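Summary of structural features
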Protein chains: 2
Amino acid sequence: MSQNDELKARGEAVIPGGMYGHMSTYRMLPEGYPQYFQRGEGCRLWDVDGNEYIDFMCSYGPMIAGYANPRVRAAADRQRETIDIGNAPAPVIVELAEKLTRQISHAEWAIFAKNGNDSTTVCNQIARGRAGKRKILVAKGAYHGAQPWASRRTKGTPEEDYMHFPMYRFNDIENVTEVVRTHSGDIAGIVVSAFRHDAGFHQELTDPDFAKAVRALCDQEDAALILDDVRAGMRLSLDASWAEHGVHPDLSAWGKAIGNGEPIAAILGSEAWREAAASTFVTGSFWYQAAPMAASIETLSILEEENAPVRLKALGQRFRDGIYEQAQRHGHSVLQSGPPVMPTLMFEDDKDSKLGFAFCQAALKQGVFLHPWHNMFLSLAHTEEDIDLALEGTERAFASL
Amino acid sequence: MSQNDELKARGEAVIPGGMYGHMSTYRMLPEGYPQYFQRGEGCRLWDVDGNEYIDFMCSYGPMIAGYANPRVRAAADRQRETIDIGNAPAPVIVELAEKLTRQISHAEWAIFAKNGNDSTTVCNQIARGRAGKRKILVAKGAYHGAQPWASRRTKGTPEEDYMHFPMYRFNDIENVTEVVRTHSGDIAGIVVSAFRHDAGFHQELTDPDFAKAVRALCDQEDAALILDDVRAGMRLSLDASWAEHGVHPDLSAWGKAIGNGEPIAAILGSEAWREAAASTFVTGSFWYQAAPMAASIETLSILEEENAPVRLKALGQRFRDGIYEQAQRHGHSVLQSGPPVMPTLMFEDDKDSKLGFAFCQAALKQGVFLHPWHNMFLSLAHTEEDIDLALEGTERAFASL
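A brief look at the structure comes next. (Residues numbered from 1 in each chain as written. Chains lettered and ligands numbered in written order. Predicted model: local features only at pLDDT ≥ 70, side-chain atom pairs only at ≥ 80, totals over all residues. Heavy atoms only, no water.)

1. Considering the pattern of salt bridges
Two side chains of opposite charge can pair, provided their charged atoms sit close to one another. We count it as follows: Salt bridges are defined by distance alone: a side-chain nitrogen of Lys or Arg within 4 Å of a carboxyl oxygen of Asp or Glu. Runs of H or I in DSSP of at least four residues are treated as helices and runs of E of at least two as strands, each being numbered from the N terminus. Think of it in three bands: residues with accessible area under 20% of the maximum for their type are buried, residues over 50% are exposed, and the middle band is partly exposed, with areas taken using a 1.4 Å probe on protein chains only.
Within the structure shown, the criterion is met by 50 salt bridges over all chains. The salt bridge partner of A:Arg80 is A:Asp77, with a shortest N-O separation of 2.7 Å. Residue A:Arg80 and its partner A:Asp77 are located together in helix 3 (residues 70-82), separated by 3 residues, close to a single helical turn. Owing to a relative accessible area of 17%, A:Asp77 belongs among the buried residues under this scheme. Across the pair B:Glu262 and B:Arg80 runs a salt bridge, and its minimum N-O distance is 2.8 Å.

Pasting the structure below:
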């Protein structure tokens, strides 16, 4: 029995369904994907049976400067040497807040938390606190966390938990305008993602006109434009992701990559929302933990030094071009969507995902960790050589189909 | 200008209200409390101006085996050497789930998260998922996190967020029975705390008859008894806190102390709730992080080796006895409530908290960090000598009143 199967048997006894959430291979991935990993370094992961993978998931986003990045680890360790938790935060919280508010155009203040769940929820609380209004518009199909208001799919969630979160269609100006009209006067905010990165679907870049229209609607309603930059943040831009469209949110939610895997999330806000933020009681036992803040400062420095979005884009484009060429040559229609830094790769006419699953399983056997229906992620630890090596693996995977 | 004041000035520019949540001295504590700390070791904290304190807050609970405990730190570091985050968890998640389900009587499975917020919310989701019912009863005044359903005080939170959380009075069998009768047939769970540890009030131990009555009501309604053991967990007992009353919950929420400050929370459940847990999608980017799990295993081992609840109780009683004697001698009526391991100290006839504030401020100047209106915490890093040294400080504080 493999180590992975042995651990799975043990895990099934003490973890519901064998594993919970997005890291469950049971419900999320086809056969053959490892449920447990024993080592991570740079852009590589090793499963518990010693199989090595070039990783294109980056732990679903948090890893952006390499697993076990020595600079980030050293920064966190230096902080741990003096203080990690106390009865109040360490000075590093001020340094990180100063760094982020300098870096992110719209941000005048910061609050730190642990997960994307926290930051999207806190944005809503602050938006409602300022507005004294109830409705927060969310895009149909978008993911903003698994907490009740954001997971209307969950069995047992009463409709009251999400009745004040009316849905609009992303990139559809007419539709969002219509939904705003319906709830006009009671709108506290509109939540948008960096782009349409709904899992299981071809990704869709943001139409700049849509971004501008949402901004105008928020202004018109005196509501908060809330950018959920948890998943895409720091990969598309070192500013908030809609900055490239010239559109700035009032509140932005961050998580995943900002600490290169140390657990930290952030809520950033504009001046007009500061007072509401100050009078909204939001907290968590570990939201003040210092080591992840030190890790975040170091991560942000690395991203800036290496001009991460440009570098990641080039790597992503190299991967995309390679996949395109291979798919063409092997006679497969592969639709690659979303920005190159967050590649999504799905086969056309593959409704039951058979082909996508088979391809990813074959790539996995070649040491390339791809995801068949979720957007993937690139990191600064990937080199051109890694991409080329991965493409050798996908070439063999295509050949085996 | 002191370092603390300098940092506060900088912080006020980039953090709403100067600081958010329970670690804000601005809204939570009288003048003189440091907003920033630079070092923690054992049971001692040093503020950014170098003042040393014997700490009775333990970071509001997480610290239980000493700040910078070398064994816990080493366990976390060993895990970081191989893998902390990946595309799936490390084997340590199984080891921790096995350890907790062996240790906690009612627990047959575990899910890990980051904060108490997460664990109480996930308990609700699972309770509702199994029952297909909506109401979760909560005790009036109890704290279960700052997320919308648990913070009806927050401005802007629509009533729909908490309308399915009817309130009962803790320790009042007649009242909870009445509230159950009102919502009978639609009750998914009843949330209880280990004891009544509402901030700002004298604490109240759990009446064992109340505990048994709540258990019977849950059985009668086929609803989950949800124990929020986030704050008290592992200090009163190495089992779930109501085990001493012979009462076992169906779901329990853990956080704070289980990792000695490394960020980890847990949801533990009985067999009958496993299926519901398996079919409820709950997750967070960092819920699978391995280092805090390794830290938690080591922390739990230390707590068991040192028989933490017994040891902490003796330390707490020593502190309580000392304070009692001093208060008597100085002619002050001090009411000490709650279990000795989580001391709460308030003056009688002190409605505006003037006396309590003055006493705690005086103690702070003597290097003793007390809280004037929140329960405090003891740790294994406190020695008899530390308690006696702290009592020398409180003696001078009483004398100065």
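Once the structure has been displayed, the description carries forward.
2. Quick look at the sheet that holds strand 9 (residues 251-254) of chain B
Inclusion rule: One bridge is not enough; two strands pair if DSSP finds at least two bridges between them.
Pairing is mixed in the open sheet, where 7 strands are placed in the order 4-10-9-8-7-5-6 (chain B). The sheet is open, and its two edges are formed by strand 4 (109-113) and strand 6 (167-168) of chain B, each paired on a single side.

3. Describing the interface of chain A and chain B
Threshold: Contacts are assigned to residue pairs with any non-hydrogen atoms lying within 4.5 Å of each other. The term buried area denotes the loss of accessible surface (1.4 Å probe radius) that occurs when two parts are joined, taken as the sum for both partners. In the analysis that follows, any N or O atom pair within 3.5 Å is treated as a polar contact, provided that within protein one partner can donate a hydrogen and the other can accept it, and provided that, for residues neighboring in sequence, both atoms belong to side chains.
On the chain B side, the residues contacting the 103 residues of chain A number 103 residues. Around 8,800 Å² of area is buried between chain A and chain B when both sides are counted, 57% of it from carbon and sulfur atoms. A per-residue breakdown of the area chain A buries against chain B is headed by A:Tyr20, A:Asn87 and A:Phe281, which together make up 10% of the total. There are 8 salt bridges connecting chain A and chain B. Taking the shortest distance from any N to any O, the salt bridge between B:Asp161 and A:Arg128 comes out at 3.6 Å. Summed over the shared surface of chain A and chain B, the result is 50 residue pairs in polar contact (both at pLDDT 80 or more). Of all elements in the fold, only helix 1 (3-14), helix 2 (25-28), strand 1 (37-41), helix 3, helix 4 (92-103), strand 4 (109-113), helix 5 (116-131) and helix 8 (274-278) of chain A reach the threshold of two or more residues within the side of chain A that touches chain B. Per element, the largest residue contribution to the side of chain A that touches chain B is 7 residues, and it comes from helix 5 of chain A.

4. Observations regarding the packing of helix 11 (residues 354-365) of chain B against helix 12 (residues 384-400) of chain B
Residue and element names in this part refer to chain B. The cut-off we apply is this: Only the stretch in contact is used when fitting a helix axis, every axis being a line fitted to C-alpha atoms; angles between N-to-C directions are given from 0 to 180 degrees. Any angle that falls under 35 degrees is termed roughly parallel, while one over 145 is termed roughly antiparallel, one within 65 to 115 roughly perpendicular, and all others oblique. By convention, the crossing between two helices is left-handed when the near helix turns anticlockwise from the far helix through less than a right angle, and right-handed when the turn is clockwise.
The N-to-C vectors of helix 11 and helix 12 enclose an angle of 135°; their axes lie 8 Å apart at closest approach. Between helix 11 and helix 12, the angle falls in the class oblique. Here helix 11 runs over helix 12; the crossing is right-handed. Every residue of helix 12 that contacts helix 11 at Phe 359, Ala 362 and Ala 363 is listed here: Thr 394, Ala 397, Phe 398 and Ser 400.

5. A short note on unusual backbone geometry
Residues and elements named next belong to chain A. For Cys 58, which is not glycine, the phi torsion reads 50° and is therefore positive. You can see Cys 58 is positioned in the loop between strand 3 (52-55) and helix 3. Phi is positive for Asn 171, close to 70°, though the residue is something other than glycine. Residue placement: Asn 171 occurs in the loop between strand 6 (167-168) and helix 6 (173-183). Under the relative-accessibility criterion, Asn 171 is labelled buried at 18%.

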